[in-house]
Amino acid sequence: MRLGYLYSRYPVLSQTFCDAEMLALERLGFELEIGSVYPPLTSLRHEHIADLHARIHYAPPQEILKISENNAKAGGKWPRDLVDRHQRKYGPGVKAAQRARNALYFADHFKRQGVNHVHVHFANRAAHTAIFLKEISGIPFSVTAHGQDFMKDLGNDDLLREICTAAEFVAAETDYSRDLLRQRCSDSAAKIHRVYNGMDLTRFPTPHQEVSINQSPRILSIGRLVAFKGFEYLIDACAELARRGLEFACEIIGDGPLRGDLEVRIRKLNLSDRVRLLGSLSQGAVLEKLRSADIFALASVTDKQGASDVFPTVIIEAMAAARPVVSTRLAGVPESVVDGETGFLVSPGNTAALAQALGRLLEDAKLRLNYGRAGRARIEQHFRIERTVAPLIELLQRTPGACQENAAHSAAAVAETAAANKVIAYLIDRWPEEALPLLERELEEMKRRHVSIVPIVCELDSRRWNFCRTRWSSKPNGGQTRHSHKNWKKIARNRESELQAAFFCARHVLLLC
C-alpha cells in the first residue's frame, strides 16, 4: 500500500508519536507520502526526523491556491456543492473554501504519487480537508483522533460526525477517547477503534543505572506551558516540599504563553534555586534529561475551556526510560500509569496530594527504582511501537486502497511517469534583472545538463529585452527553443495559469523573487 499522511502542521515538537508511527510503518515496508498544510513554527527538529525516507510536501500559500480554485471552477472540478453546504451548515469559521483549495493541491499530489489511502492525525482542520480530498479525488481516508482535537479544537460535533461518517475508520489513542467518540458519533461507533500511541524502544535502551547518582533527587516535567498542563500546581507542590526541608531540583522542559507567569510564580515562592524553566529542547536533549532524572511529574488538569491532556506521550517516554511517574487521574492517563505500581496518581489540582506523592519518592530511592523498573516492563509489554502499530495496519489492510498488487503497479507507473516528466519551474519576479547576475549562468548550466525548465516571468523589462531576446527555454527532450519578445510577454500576461502549472506539474519550484 502506498500510504499518504496529511497533517495540518508537521513536524511539531510535541507530536513524537506521529514520527514513531511513520518510522515503524516504513520499517515494515510501507511507502509513505507526507503532506502538511502549514510549515512548522520553529526550525528546531527532533533528530529522528532525519530517519524518515518520505519527503514532506507543503501546500503553497492561499494566494497561489486561489489560482487553482479558478481553474478548477472553469474545468468543473471545484466541489461547489460541498463547499456551499459546509459554509451554510457550519459557518464561515470552518473556512470551507480554504479546506477545498488545500484538498485540490493534495489530491493532485497524492494521485501523482500513486497514493491509494490517506491517514490523518487529529480530528481537526486536516481531517476536514480530507473530506474535500475524498470528494475531489476519490482517495479514501482514515483519522487518528486524540482528545483535545475533537473535544475542543474542532468546535463542532456535527462536523465531527461528518468526518467520522466519511472516514474508512477512526483510531482513538485511548479507551477513554474511543468511548467519548462513540458517544458523540454513535452512528459511526462500529468503525471507531482504540489504537495506542507507541514507543520505539531502540531510542530508549534498557537502563543499567540501578540508583540515582544525583546528590539531590531531580524531578523532571515536560510539556507546553499552557494551563491544562498544570505547571502552577507542580511549582506550588515544590514550594511545599521545600518547606518540609526536602532536597530536590525540578526542571521543566517546554515553552508557551504561560512562561512569564510561571517565572513570576517561581520567584515569588523563592524557588529560583530549585525550579528551572529550560524552554524547548530537541528529542535527543529531552531523552538525556529523562535518563538523568529521578522522578517524572506531570500535573495535568482541565482548563477553563475544557481542554486537557488525554494520553501524554511524555509519560510513556518517561516510563520507557524507567523513571517513576507522578501524575493525575485524568482522561487516559490511568491507562499508562498504574497507581502504586509504576508511580502515583492524584486528583487533578490537588497540590497537597501532589506534594505528598513526590515526597514519598524523594525520600525512598528503592521505591523509585522499583516503580521505574515496573514502568519500563509495562511499556515493553503494552506500548512498544511494533505492538501498537499492529491494529492500525490491520485496519488499513481492510480499506479499499489495500490491494497490494494494484498499489505496486500504480507506484511503478507513477515513478516511470515522474522520471520521464521531471521539470524544474523558475518563478522569476523580473527579467532581465541586473540584481541577479548569476541567474543567467545558472540557467545556461541547467540547459547544458539537459534539465527541463519551465520559466515563469512575472514582469518583463522590455527596455532590456534585446540583451537576452535570444535566450532559451529547454524542452523536456533536452532540445532548445527560443522565445520571441511576443511569447515572453504572453507568458507574463498569463502568469497566473503558468504559476498554477508550475506548482502542480513541476517536481521542484525555485522561488527567485
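Below is a summary of the structure that appears in this document. (Residues numbered from 1 in each chain as written. Predicted model: local features only at pLDDT ≥ 70, side-chain atom pairs only at ≥ 80, totals over all residues. Heavy atoms only, no water.)

1. Observations concerning the packing of helix H3 (residues 80-90) against helix H5 (residues 125-137)
Pairs of packed helices are described in terms of their axes, by the angle between the two and the distance that separates them. Convention followed: Here an axis means a line fitted to C-alpha atoms, over the contact stretch when the element is a helix, while the angle between two N-to-C directions is reported on a 0 to 180 degree scale. Working definition: helices are DSSP H or I runs of at least four residues, strands are E runs of at least two. Numbering for both runs from the N terminus. Any angle from 65 to 115 degrees is called roughly perpendicular, while one under 35 is roughly parallel, one over 145 is roughly antiparallel, and all others are oblique. Left-handed describes a crossing whose near helix is turned anticlockwise from the far helix by less than a right angle; the clockwise case is right-handed. When checking whether two residues touch, look at their non-hydrogen atoms; a contact exists if any pair is within 4.5 Å. Ten residue types, Ala, Val, Leu, Ile, Met, Phe, Trp, Tyr, Cys and Pro, are classed as nonpolar, four, Asp, Glu, Lys and Arg, as charged, and the remainder, Gly among them, as polar.
It is at 10 Å that the axes of H3 and H5 come closest, and there the two elements cross at 155°. On the basis of the axis angle, H3 is roughly antiparallel to H5. Note that H3 runs across H5; the crossing there is right-handed. Within the contact between the two elements, H3 uses Leu 82, Val 83 and His 86 and H5 uses His 128, Ile 131, Phe 132 and Glu 135. Among the residues making up the contact of H3 with H5, the classes are represented as four nonpolar, two polar and one charged.

2. A closer look at the environment of Gln 148
Assignment of secondary structure puts Gln 148 in helix H6 (residues 148-153). Among all residues touching Gln 148, those that are not within four sequence positions of it are Asp 153, Arg 224, Phe 228, Ala 307, Ser 308 and Val 310.

3. Re the nonpolar core
A general tendency of soluble globular proteins is for nonpolar side chains to be buried together. Filter applied, for reference: To qualify as a nonpolar core, a set must consist of buried Ala, Val, Leu, Ile, Met, Phe, Trp, Tyr and Cys residues joined through side-chain atoms within 4.5 Å. Relative accessibility decides the category of a residue: with a 1.4 Å probe and only protein chains considered, values under 20% of the type maximum give buried, values over 50% give exposed, and everything between is partly exposed.
Counting residues in each nonpolar core, the largest one holds 47 residues, and the members touching the most others are Val 118, Leu 133 and Phe 141. With nine residues, helix H4 (residues 96-112) is the largest single contributor of residues to this core. Among all residues touching Leu 133, those that are not within four sequence positions of it are Leu 6, Ala 103, Phe 106, Ala 107, Phe 110, Val 118, Gly 138 and Ile 139. Residues Cys 238, Ala 239, Leu 271 and Val 275 belong to the second largest nonpolar core, which totals 32 residues.

4. Comments concerning the packing of helix H14 (residues 365-383) against helix H15 (residues 385-397)
The N-to-C vectors of H14 and H15 enclose an angle of 30°; their axes lie 6 Å apart at closest approach. When the axis of H14 is compared with that of H15, the two are roughly parallel. Contacts from Gln 381, His 382 and Phe 383 of H14 reach H15 at Ile 385, Arg 387 and Thr 388. Among the residues making up the contact of H14 with H15, the classes are represented as two nonpolar, three polar and one charged.

5. Things to note about the side chain of Ser 336
Worth spelling out the cut-off: Definition of a polar contact: a pair of N or O atoms within 3.5 Å, with one able to donate and the other able to accept a hydrogen when the atoms are protein atoms, and with sequence-neighbouring residues admitted only if both atoms are side-chain atoms.
Structurally, the position occupied by Ser 336 is in the loop between strand S12 (325-328) and strand S13 (343-346). Within the structure, the side chain of Ser 336 is placed 2.9 Å from the backbone oxygen of Val 333, a separation counted as a polar contact. Setting aside residues no more than four positions away along its own chain, Ser 336 makes contact with Phe 311, Ile 315, Ile 316, Met 319, Thr 342, Arg 378 and Phe 383.

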